[in-house]
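Below, each chain spelled out in residue letters.
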Amino acid sequence: VFDGDIRFWAADGDVVSGSPLEEGRWQMLTVTYNGTTLTIYKDGDPIGKKDVALSNDPEAYVSIGKPDPWDHKRSFHGELQDFTIRRGAFSDTEVKQLFANIKPVQ
């Protein structure tokens, strides 16, 4: 979250959702990348989409909770229920189905 909305940061381009992370309630966040387009979903619905090139990212890793690289003030404070990396991108329909079948921890 940066400036109030959920974002995906990459060396070649950031994807801004325009949707806030809502404090105090469980949310399913999903990111898919099909080799061209990166899509951010919240609770099964697309909230941000942009064509980006991730193949040339010099640091190919995933980080959650690490302070931001600019002024080291922003980081994730909360709980994660599950985290999965899958080879291949989910379709919009598959993300909706995944959300419909998730049982969040209360």
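Predicted model only: the values in this text are computed from it and were never measured.

Some details on the packing of aromatic side chains
Under the defined criterion, the tally for this structure stands at one aromatic pair. Pairing W26 with F99 gives two aromatic rings, centres 6.4 Å apart and planes at 15 degrees, and the pair type is stacked. Pair noted here: W26 is in the loop between β2 (15-16) and β3 (29-33) and F99 is in helix α1 (residues 92-101), with a separation of 73 residues, a long-range link. Lying over the aromatic face of F90, R86 brings its terminal NZ or CZ to 4.2 Å of the ring centre.

Structural notes on unusual backbone geometry
One non-glycine residue, D43, lies in the positive phi region at around 55 degrees. Mapped onto the fold, D43 is located in the loop between β4 (37-42) and β5 (45-51).

Parameters and conventions
- Residues numbered from 1 in each chain as written.
- Predicted model: local features only at pLDDT ≥ 70, side-chain atom pairs only at ≥ 80, totals over all residues.
- Heavy atoms only, no water.
- Phe/Tyr/Trp six-rings, centres within 6.5 Å; stacked < 30°, edge-to-face > 60°.
- Helix = DSSP H or I, 4+ residues; strand = E, 2+ residues; numbered from the N terminus.
- Lys NZ or Arg CZ within 6 Å of the ring centre and 35° of its normal.

Scope: geometric values only; no functional claims are made or implied.
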